[in-house]
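Here is how the chains run, residue by residue.
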Amino acid sequence: MSKAVRKYLIAGNWKMNKNAAEAVDLVKELQLEAGDQFLVSVLVCPPFTALESVAGIIEDSSIHLGAQNMHPEPSGAYTGEVSAEMLRHLFVTFVILGHSERRQYFNETDAFINTKVLAALNGSLKPIVCVGETLEEREAERTLEVVSSQVKGCLEGVPEEKADQLVIAYEPVWAIGTGKTATPEMAQEVHALIRGLLKEQFGEVMAERIRILYGGSMKPDNAYELLSQEDIDGGLIGGASLQARAFLKIMESARALSS
Ligand code: PEP
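Positions within a chain are numbered from 1, following the residues in the order the chain's sequence is written. Reporting of local features is limited, given that this is a predicted model, to residues whose pLDDT is at least 70; pairs of side-chain atoms are given and counted only at 80 or more, and all residues count toward the totals for whole chains, interfaces and linings. No hydrogens and no water enter the side-chain calculation; it runs on all heavy atoms of the structure.

Here we look at the layout of surface pockets
Then comes step 1: Here the largest pocket is characterised by a volume of approximately 440 Å³.
Then comes step 2: Using only the protein atoms, space was sampled on a 1 Å grid; points where a 1.4 Å probe fits but cannot get out form cavities, open sets with protein on both sides within 12 Å along at least five of seven lines form pockets, and lining residues are those with an atom within 4 Å of a point. As for the largest pocket, its lining consists of 15 residues, of which Lys-15, Met-16, Gln-68, Arg-102 and Phe-106 are closest to the centre.
Then comes step 3: Numbering of helices and strands runs from the N terminus; a helix is a DSSP stretch of H or I covering at least four residues, while a strand is a stretch of E covering at least two. Of all the secondary-structure elements, those providing two or more residues to the lining of the largest pocket are helix H2 (48-58) and helix H4 (100-105).
Then comes step 4: Each residue is assigned to one of three groups, with Ala, Val, Leu, Ile, Met, Phe, Trp, Tyr, Cys and Pro labelled nonpolar, Asp, Glu, Lys and Arg labelled charged, and all others, Gly among them, labelled polar. Here the lining of the largest pocket is composed, by residue class, of 7 nonpolar, 5 polar and 3 charged. Grid points are joined across faces, edges and corners, and a volume is the space filled by probe spheres set on the points.

Focus: unusual backbone geometry
Then comes step 1: Positive phi, normally seen in glycine, also occurs at Asn-107, with a value near 55 degrees.
Then comes step 2: Residue position: Asn-107 is located in the loop between H4 and helix H5 (110-122).
Then comes step 3: Type-normalised accessible area, obtained with a 1.4 Å probe on protein chains alone, sets the label of each residue: buried when under 20%, exposed when over 50%, and partly exposed for intermediate values. What makes Asn-107 exposed here is its relative accessible area of 62%.
Then comes step 4: Its identity is not glycine, yet Glu-141 carries a phi of approximately 55 degrees, on the positive side.
Then comes step 5: Its location among the elements puts Glu-141 in the loop between helix H6 (135-139) and helix H7 (143-155).

A look at the environment of Pro-72
Then comes step 1: Mapped onto the elements of the fold, Pro-72 is located in the loop between strand E3 (63-67) and helix H3 (84-89).
Then comes step 2: In this structure Pro-72 comes out as buried when scored by relative accessible area, which is 16%.
Then comes step 3: On a C-alpha basis, the gap between Pro-72 and Val-117 in space is 7.9 Å, while along the polypeptide they are 45 residues apart.
Then comes step 4: Sequence-distant contacts of Pro-72, that is, excluding residues within four places in its chain, are made with Phe-112, Thr-115, Lys-116 and Ala-119. We call two residues contacting when some pair of their heavy atoms lies within 4.5 Å.

Topic: the sheet that holds strand E7 (residues 211-215)
Then comes step 1: Reading around the circumference, E1-E2-E3-E4-E5-E6-E7-E8 is the order of the 8 strands in this closed barrel, with parallel pairing throughout. Here the strands of the sheet are splayed against their neighbours by 25 degrees on average, with no regard to which way each runs.
Then comes step 2: Note: two strands are recorded as paired if DSSP finds a minimum of 2 bridges between them. Of the pairings in the sheet, the one linking strand E4 (residues 94-97) to strand E5 (residues 126-131) comprises 4 bridges and is parallel in character. Bridge assignment links Val-95 to a residue of E5, and that residue is Pro-127.
Then comes step 3: The axes used here are C-alpha line fits, helices contributing only the stretch in contact, and every angle between their N-to-C directions lies in the interval 0 to 180 degrees. Its contacts with the sheet place helix H8 (residues 184-202) against E5, strand E6 (167-170) and E7, and it is angled at close to 150 degrees to E7.
Then comes step 4: The sheet contacts of helix H11 (residues 244-258) involve strand E1 (9-13), strand E2 (41-45) and strand E8 (234-237), and relative to E1 the element is tilted by about 165 degrees.

Structural notes on empty space enclosed by the protein
Then comes step 1: All chains considered together, the criterion is met by 1 cavity of 30 Å³ or more.
Then comes step 2: As a volume, the largest cavity reaches approximately 40 Å³.
Then comes step 3: Elements that contribute at least two residues to the lining of the largest cavity include exactly H4 and E5.

What about the site of the ligand?
Then comes step 1: Around the ligand sit 14 residues, and of these Lys-15, His-99, Glu-171, Gly-177 and Ser-217 come closest.
Then comes step 2: Any N or O atom pair separated by 3.5 Å or less is treated as a polar contact, with the protein-specific requirement of one donor-capable and one acceptor-capable atom, and with residues adjacent in sequence counted only for side-chain atom pairs. For the ligand, an oxygen atom lies 2.5 Å from a polar atom in the side chain of Lys-15.
Then comes step 3: Here His-99 contributes a side-chain N or O atom positioned 2.8 Å from an oxygen atom of the ligand.
Then comes step 4: Starting from 290 Å² of accessible surface for the ligand in isolation, the protein chains cover 97%.
Then comes step 5: Per-class residue counts for the shell around the ligand are 4 nonpolar, 8 polar and 2 charged. Whether a residue is near a molecule or strand depends on its heavy atoms: if one lies within 4 Å, it is near. The method behind every accessible area is Shrake-Rupley, applied with a 1.4 Å probe, and residues are considered shielded solely by the protein chains displayed.

Put into structure tokens, the structure is as follows:
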């Protein structure tokens with residue numbers, strides 16, 4: 001089967017940047033050029049506080065809305081948290097889970113991320129499940145072992161019929177926000193490993209339908225080469241997603257590879 005079964009997904013993780021008014025300005029700029037094209041899936045993930053305002057702007061466009069986190073429980077005494085249902089209510093369709101910053105600063109484990117993945121799928125959200133090794137792990141040649149264990153831990157118990165809702169993001173921690181990027185070959189090696197794990201868990205046909213994104217200093221000048229790899233189906237973009245020009249250029253690379 002070929003890459004053609006998967007539509008590129010270009011996703012912006014805005015992290016803790018942009019208030020609601022700034023978010024609206026940015027998304028309006030994106031919408032002018034990306035809002036009516038369907039060749040590539042485009043996703044923006046603003047902070048919670050800007051979701052509602054951004055939802056209002058993109059409702060008639062092809063840009064999708066995502067959140068950066070959620071809690072696995074549907075409601076209750078979890079101060080500061082939001083549930084899948086609350087996000088759905090704001091027209092959110094994707095949610096980033098297990099980002100390395102959440103693993104690092106909020107001690108999120110694979111087991112906890114797994115509960116969120118299952119809750120997101122139950123709540124009709126598409127989880128973007130982030131995995132990736134640290135510099136220390138790469139230097140110790142433990143990349144494949146670490147990523148395998150993260151993928152298996154985060155996806156435990158995912159029902160096969162819902163697996164096509166999953167998105168995986170391979171983000172080497174040493175490449176996030178550092179300007180260092182994995183070479184296309186390094187990234188492809190890990191993406192192929194992930195595809196293999198998805199095949200073992202969900203079967204060949206399903207695994208070919210699941211998108212695996214690369215994240216880690218993706219920029220206009222390296223996007224085309226990364227996206228042209230066989231198992232790289234898009235990008236999860238931090239820094240470069242905060243500037244409309246840069247983000248749109250990355251989207252253009254994906255479009256060029258799609259047509
Ligand atoms: C990210 O945080 O998901 C990310 C990939 O950030 P950056 O593009 O800035 O490296």
